Amino acid sequence: MEPPEDGELAALLPEDVLVDVLRRVTGPRSLAVSRCVCKAWRAIIDGEGLLRRQLPFSGIFICFRRLCLPEFFSRPASAGQPAISGKLDFLPRATELRPHGNCYIEDHCNGLLLLQGTYIDYHYVLNPATRWWNTLPLCLDNCTGGIVRGDYYLAFDPTVSCHYQVFQIPSLRWGKDEIDPLEETSEWPPSPYILHVFSSRRGCWEERLFVREGDAAGTVAKARVLFEGQRNSVYWRGSLYVRCQSDFVMRISLSEDKYSVIKPPMDIGWSSYLGLSEKGVYCASFVENTHIRVYALTESCDQFEWILKNDYDLKPVQMFDGQVNGPWILEDINYEKFRSHLPNINKEEVIQEKFEWNSDDDDFHENLDIVEVQHRPYFEIEVLGFHPYKEILFLSRSEDCKLNAMAFAYHLNSFKVENLGSIYPTGHDYFSCSIPNESHEIDSFPYTPCW
């Protein structure tokens, strides 16, 4: 009787033992190789999110559109983890601030940022952890030679390749422009759908045809609406999920040149946000001003369904009264860069409270002082993003009656809320009169550095 081969021995292991073994594999490359052994190993590595956990969650980039540079709201660093800075001072002079220009983050994917420079037609891909950057060539139309307009989204998987792709997704113009009645009745998105894609492997833009699987989102006329909320994307298991006009999600398969339309949940609220969390693609939307609704996307046999996780009461965020210094810290990049041009500001030294934030489980110190106030100032709440590995939703709250904006972590399984600290930039009143915390004014990107 011949002894069983190594693969057959591995197949005899109980699943919990195999999971424990694969958890002990160090390095994303080794895990990526293990993922290719068989379907069972692939399912465990994907299901446990082992490859994704190789990229630590370090904080949130926040773009205040009335400020010149992105801010970085950093979480407490773990022992042995290198410190991450949100400063982009390593970029070339072409992206430095000009009198009326900004450096603005358009997208983030697995440690890389997609940046729009001072001149709106120029885009850069960069890695803040390694201080590497690359300039993208202009995206030109092959027929007219003009610059192609649209939104840009980044796809990058360091466990598969060191190369990345940038997708240019056109949006339908709305307003008083002249429109063709015949065009308004055609389906949207079309099939095939011609998209401009930049490949770092080839070093150029190219037109690629994507064939739709399933139904269209609707007609051009119904899709031609004002885009509300943040224009963001999610990369998950080889596909790019892009939130589009009229709230549908386009799932683009990078390897098959196919795409699918995922319609929004039936009872979706307003100002929805698409993000990546523990079980894949999530969506959050506000229900009036009192609750936020969270969904998780499931896929089976090429069918997609939004599963309602729960409605979450915003009262703990609304009624919080006070200020907590830490445990997260805003880097105050704009203040440090322009302080010589600002009046003397007595910036208070941040003294962290005696508690630590731990996202590895739902245990934390409750630091919210909920105080019932008869006349509470008007405020707005916006989504900052999802924790990439745990079911935690990050929210911001800003108040009009005082110069203050704070961040909160809403633990979706325990319904607990904690204050993470202030996200109001020092001296912001000298840059602008206020921070209207609206999706068209503030965009945010949970950041996982890739070394």
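The notes below deal with the structure included here. Quick caveat: nothing in here was measured; it's all calculated off a predicted structure.

## A look at the nonpolar core
One finds Y164, V166, F167, I169, L240, I252 and F394 to be the most contacted residues of the largest nonpolar core, which totals 57 residues. With five residues, strand β7 (residues 151-156) is the single largest residue contributor to this core. Residue contacts for I252: discarding those within four places in its chain leaves F167, I169, L195, F210, G238, S239, L240, V242, K258 and Y259. Counting residues in each nonpolar core, the second largest holds 22 residues, with A296, L314, V317 and L393 among its members.

## Let's talk about the pattern of salt bridges
A complete count under the given rule lists 12 salt bridges for this structure. Linking D257 and R208 is a salt bridge whose minimum nitrogen-to-oxygen distance equals 2.5 Å. Of this pair, D257 sits in the loop between β15 (249-253) and β16 (258-262) while R208 is found in strand β11 (residues 204-213), placing the two residues 49 residues apart along the sequence. In this structure R208 comes out as buried when scored by relative accessible area, which is 13%. One salt bridge connects R243 with D247, and the closest N-O pair in it is separated by 2.7 Å. Exposure remark for R243: the relative accessible area of 5% places this residue in the buried category. Overlapping salt bridges, with partners in common, bring together D267, R293 and D311 in one network.

## Here's the deal with the pairing of β15
In terms of burial, β15 is a largely internal element, five of the five residues being buried. Every second residue of β15 is oriented toward a common face, with V249, R251 and S253 on one face and M250 and I252 on the other, all of them buried. Here five bridges tie strand β14 (residues 239-243) to β15, and the two strands are oriented antiparallel to one another. When the bridges of β15 are listed, S239 appears paired with S253. Linking β14 to β15, which pair antiparallel, is a turn of five residues; within it S246 sits at a positive phi near 65°. The pairing of β15 with β16 spans five bridges and is classified as antiparallel. From the neighbouring strand, R251 faces β16, where its bridge partner is S260. Linkage of β15 to β16, two consecutive antiparallel strands, is achieved through a turn of four residues, within which D257 is found at a positive phi near 55°.

## Here we look at the environment of G111
With respect to the helices and strands, the residue G111 is situated in the loop between β3 (104-109) and β4 (112-116). When the C-alpha atoms of G111 and N127 are compared, they prove to be 6.3 Å apart, with 16 residues separating the residues in sequence. When sequence neighbours within four positions are dropped, the list of residues in contact with G111 reads L126, N127, P128, Y447, T448, P449 and C450.

## Some details on the side chain of R208
Within the structure, the side chain of R208 is placed 2.7 Å from the side chain of Q165, a separation counted as a polar contact. In this structure R208 touches Q165, Y193, I194, L195, V197, L254 and D257, once residues within four positions along its chain are discounted.

## Section: unusual backbone geometry
The omega torsion across W188 and P189 is -5°, close enough to zero to call that bond cis. Mapped onto the elements of the fold, P189 is located in the loop between β9 (187-188) and β10 (193-199). Of note, the amide linkage connecting S191 to P192 takes the cis form, showing an omega dihedral of 0°. Checked against the element boundaries, P192 lands in the loop between β9 and β10. For R237, which is not a glycine, the phi torsion comes out positive at approximately 55°. When you line up the elements, R237 lands in the loop between β13 (233-236) and β14. Under the relative-accessibility criterion, R237 is labelled partly exposed at 48%. Positive phi values are uncommon outside glycine, yet D247 reaches one of about 70°. By the element assignment, D247 lies in the loop between β14 and β15.

Rules and cut-offs
- Residues numbered from 1 in each chain as written.
- Predicted model: local features only at pLDDT ≥ 70, side-chain atom pairs only at ≥ 80, totals over all residues.
- Heavy atoms only, no water.
- Core = buried A, V, L, I, M, F, W, Y, C linked by side-chain atoms within 4.5 Å.
- Buried < 20%, exposed > 50% of the residue type's maximum accessible area, 1.4 Å probe, protein only.
- Helix = DSSP H or I, 4+ residues; strand = E, 2+ residues; numbered from the N terminus.
- Contact = heavy atoms within 4.5 Å.
- Salt bridge = Lys/Arg side-chain N within 4 Å of Asp/Glu carboxyl O.
- Pairing = 2+ DSSP bridges.
- Polar contact = N/O pair within 3.5 Å; in protein donor to acceptor, adjacent residues only side chain to side chain.

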